[in-house]
Amino acid sequence: MNRTTLSLIAGTTALAAVTGFAALSQPGTPGTDTAAKAAAQLPVERTSLLCPAPSTSDLAETSYTSFTPVTKGTESGGKAELRAATEKSADPSADGEDEGTGKDGGKSGKDKPAKPVLTPEVPGKPVTGDSSGGDAPALVGTADGRFAPGWTVQETTEVAAGTGRGLQGVNCTAPDTDFWFPGASTEADRTDYVHLTNPDDSAAVADIELYGKDGALKSAVGEGITIQPHSSEPVLLSTLTDERQTDLTVHVNVRSGRVGAAVQALDDKIGGDWLAASTDPSGSLVLPGIPKDATSVRLVAFTPGDADADLKVRLASPSGLITPAGHETVHVKGGMTTAVDLGDVTRGEAGSLVLSPTDRSVPVVAALRVVRGKGDKQETAFIPAARPVGTRATSADNSGKGSTLSLTAPGAAATVKVTASAGSEGGTPVSKTYTIKAGTTQDIEPPAPSGLKGTYALTVEPVSGGPVYGARTLAASEGGVPAFTVQTLPDDRGTVAVPEADEDLSVLQK
C-alpha cells in the first residue's frame, strides 16, 4: 500500500536501498539511442516484518513460523531474525506518562532488552517458536541476503475461553504508511484494538480515523499517536469515540516514519481473529477463500472519496461466476461505511467474492466477516480484499491436517504450481500443479511433504493464464467450536524490477 509518489532521485535511492543493485544512469546524448532497456527482476536484499502482540489472555498459546522460499539468484550469505519489540515498564507511573496512547512523545515506560525469538538456519525449511500467556510482546524482524526474498512469518494463537476464544492468525507484515481496515467495530460485544508497531530507530507518528455508517466519527484522541522506536502501541478503538458502531472502517495514516498495523477484533460470543489491511482502494476487488461451510458472511465496504460507488457482487464458485440472489449490487456512499449480510452465500461450496463497478470505477476497500458454526458454538474470521498472488506467495504454519488452500481465477483460467516445503522437523518437499478454470474458485487439500515432521509452508506460483488470488484456512475443533482463521496470499514482493543502466555513474555517489 505504498501511496507516496517518489521523485526521481528519491525513487532511485529507495530502489538502491531495497535491492543493492540500482545505479544511476547518465541521460543519453543527442544522436544516441535513449530507449530504456528492459528491467531485470532481481531478488530483494533486505526486508522487514512486524508481528503484533498476540494476546492478553492468560490462556493464550501462540506459535510462530518463519519461512523463506529458495530463490534463484541470491548469494549464499544473509540471515533472518525476529526479536521482541521494546517492552514497557509494568508501572506506567514510573516515568509519569500515560501508557495508553503514547501522545506525549517521550518514552512509554522503561525499556527492556530485546530478546531473540526465531533465527532461521536455511531457506526452504520452516523454523518455529512458541509462547504462552498474555505477556508475549510484539516482534520486530529483519532478513537480508538469501533469507530476504519472500520471507514469511505466521503468528497463530489458540485461546481456550473468554473474549475472542478460538483460533487467531495473522501474517506478520512489512512496515508502511497507509492502512485501511473495513470490518472493525465498537459495539458492546466487541473489543477491537489497532496494533501499531514501529521497527525504526526514531519515533513514528500516526493518526487513526474512524468511519461509520454516517461518515467520519469525531475524535481528537486518535490524532498524533506516537509509537516509540522498536516498540508497539495497542490502541483500543472504543477509547477513540463514544459512539457504538457495529461496522467501522479504520484508516491508519502515518505522518512520520512507518509502522506495521493490524486490527485484533475480539467478540464476547462468537470468538474473534485478526483483521488484516485491505488492499489499496480500487474499483474492482477480490476477497478470496470463503470457507464452504460458512454460516454467515458479512460484507463491509468503504470508499475514501466523496463519490458514491455502485458495485456488482458475484461469487466465484467451483462452477463459475454467479450472482447471489437478492444481493446483485451494493451501493456504497462516499465517506460512509456500508455493510451487507450475505448469509450462507457459499451454500456448501468453495467461494470467493468478486466486486466490480456497475458503471464508472470508484476506489473502494472491503473485507468480509465470516462465521462458522451455530448458536454458542460459533467462531469468526476475516477476509480482506487482497492483491493477486503475482509472481509467488507463501503461507507458513501448515500441518498434515486442518489446512485448506483456496485459489480463484476471476478472469481467465490459470495454471499454478503449489510446493509444500520440507517440514520444520523433517520431510521432503513436493510440488503439484493445478488448473483453475475461468471465473471459479477451487478448494484443494494442499500437498504435504513426504515424511512430514512438524509444520510446513505452501508456496503458490502461477505458471500461465490470468491473475490468481488465494487464501489459506487453518481449522481446529476447540470444545465443539469450529475454530478457524484465514490468511490471504498476496504476492510476496521477493523480487524487484531494476532497469539496466546505460552507464554506471555510481562513482558520483562517493
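To be clear, the structure that these remarks concern was listed above.
First things first, this report covers the structure right here in the doc. (Residues numbered from 1 in each chain as written. Predicted model: local features only at pLDDT ≥ 70, side-chain atom pairs only at ≥ 80, totals over all residues. Heavy atoms only, no water.)

### Looking at the overall build of the protein chain
If you tally the helices and strands in the protein chain, you get one helix and 38 strands. Taking all 510 residues of the protein chain together, 52% fall into the buried category. Looking at the protein chain alone, contacts between residues at least 24 apart form 82% of all its contacts between residues at least 6 apart. (Helix = DSSP H or I, 4+ residues; strand = E, 2+ residues; numbered from the N terminus. Buried < 20%, exposed > 50% of the residue type's maximum accessible area, 1.4 Å probe, protein only. Contact = heavy atoms within 4.5 Å.)

### Focus on unusual backbone geometry
Of note in this structure, Asp397 is not a glycine but carries a positive phi near 65 degrees. Relative to the assigned elements, Asp397 resides in strand S28 (residues 393-398). Positive phi is not limited to glycine here, since Arg493 has a value of about 50 degrees. Along the chain, the position of Arg493 falls in the loop between strand S37 (481-488) and strand S38 (495-499). Given a relative accessible area of 41%, Arg493 falls into the partly exposed group.

### Comments concerning the state of the cysteines
Taken as a whole and assessed by the stated rule, the structure comprises one disulfide. Here Cys51 is linked by a disulfide to Cys172, with a sulfur-sulfur distance of 2.0 Å. The sign of the 110 degrees torsion about the S-S bond sets the Cys51-Cys172 disulfide as right-handed. With Cys51 in strand S2 (residues 46-51) and Cys172 in the loop between strand S9 (166-171) and strand S10 (178-184), this pair connects stretches of sequence that are 121 residues apart. (Disulfide = S-S within 2.5 Å.)

### Some remarks on the environment of Arg387
Locating Arg387 in the fold gives a position in the loop between strand S27 (379-384) and S28. It is 8.8 Å that separates the C-alpha atoms of Arg387 and Ser278, two residues lying 109 residues apart in sequence. Excluding its chain neighbours within four sequence positions, the residues that come into contact with Arg387 are Thr279, Tyr469, Leu489, Pro490, Asp491 and Arg493. In this structure the side chain of Arg387 is engaged in a polar contact, spanning 2.9 Å, whose partner is the backbone oxygen of Asp491. (Polar contact = N/O pair within 3.5 Å; in protein donor to acceptor, adjacent residues only side chain to side chain.)

### Let's talk about the nonpolar core
A general trend in soluble globular proteins is that nonpolar side chains are found buried together. With 29 residues, the main nonpolar core has Leu287, Ile290, Leu299, Leu353, Leu355 and Leu368 as its most contacted residues. With four residues, strand S21 (residues 309-317) is the single largest residue contributor to this core. When near neighbours in sequence (up to four residues on either side) are disregarded, Leu287 contacts Ser352, Leu353, Leu355, Ala366, Ala367, Leu368, Ile383, Pro384 and Ala385. Ranked by size, the runner-up nonpolar core spans 26 residues in total, among them Val194, Ile208, Leu210 and Val252. (Core = buried A, V, L, I, M, F, W, Y, C linked by side-chain atoms within 4.5 Å.)

### What about the side chain of Asp492?
Following the sequence through the fold, Asp492 ends up in the loop between S37 and S38. Overall, Asp492 belongs to the buried group, its relative accessible area being 18%. A distance of 2.6 Å separates the side chain of Asp492 from the side chain of Arg392, its partner in a polar contact. A polar contact of 2.8 Å, which involves the side chain of Asp492, links it to the backbone nitrogen of Gly494. The residues contacting Asp492, other than those within four sequence positions of it, are Pro69, Gly150, Arg392, Ala393 and Thr394.

### Thoughts on the pattern of salt bridges
Here the idea is simple: oppositely charged side chains can pair when their charged atoms come close. For the coordinates displayed, the defined rule picks out 14 salt bridges. Here Lys269 makes a salt bridge to Asp189, at a shortest N to O gap of 3.8 Å. In this pair, Lys269 sits in the loop between strand S17 (260-267) and strand S18 (272-275) while Asp189 sits in the loop between S10 and strand S11 (190-198), placing the two residues 80 residues apart along the sequence. Since its relative accessible area comes to 56%, Lys269 is described here as exposed. With a relative accessible area of 27%, Asp189 lands in the partly exposed category. For Arg392, the salt bridge is made with Asp492, and the minimal N-O distance between the two is 2.6 Å. (Salt bridge = Lys/Arg side-chain N within 4 Å of Asp/Glu carboxyl O.)

### So, the packing of aromatic side chains
The relative placement of two aromatic rings is captured by the distance of their centres and the angle of their planes. Applying the stated criterion across every chain yields a total of four aromatic pairs. A ring pair is formed by Trp180 and Tyr211, whose centres lie 6.4 Å apart and whose planes are at 40 degrees; its orientation type is tilted. A residue pair is termed long-range when its members are at least 10 positions apart, and Trp180 in strand S10 and Tyr211 in strand S12 (residues 204-212) qualify at 31 residues. Of the two residues, Trp180 and Tyr211, neither departs from the other in class, the shared state being buried. What links up through ring pairs into an aromatic cluster is the set Trp180, Tyr211 and Phe302. (Phe/Tyr/Trp six-rings, centres within 6.5 Å; stacked < 30°, edge-to-face > 60°.)

### A look at the pairing of S38
Going residue by residue along S38, you find Val496 and Val498 tucked away on one face and Thr495, Ala497 and Pro499 left uncovered on the opposite face. Both strand S1 (residues 39-43) and S38 contribute to a ladder of five bridges, which runs antiparallel. Opposite Ala39, over in S38, you have Pro499 as the bridge partner. (Pairing = 2+ DSSP bridges.)

### Quick notes on the sheet that holds S9
If you trace the four strands from one edge of the open sheet to the other, you get S6-S3-S8-S9, paired in antiparallel fashion. In the strand order of this sheet, the two ends are held by strand S6 (127-132) and S9, each with one partner. Each strand of the sheet is rotated relative to its neighbour by a mean of 15 degrees, with strand direction disregarded. In this sheet, S6 lies alongside strand S3 (residues 60-67) in antiparallel orientation, the contact comprising six bridges. Within S6, the position partnered with Thr65 by the bridge is Thr128. (Axes fitted to C-alpha atoms, helices over the stretch in contact; angles between N-to-C directions.)

### Some words on the environment of Pro446
Mapped onto the elements, Pro446 comes out in the loop between strand S33 (440-444) and strand S34 (450-453). In the structure, Pro446 is positioned 45 residues away from Lys401 in sequence and 9.2 Å away in space, judged by C-alpha atoms. The residues touching Pro446, leaving out its near neighbours within four places in the chain, are Ser403, Thr404, Leu405, Tyr456 and Leu458.

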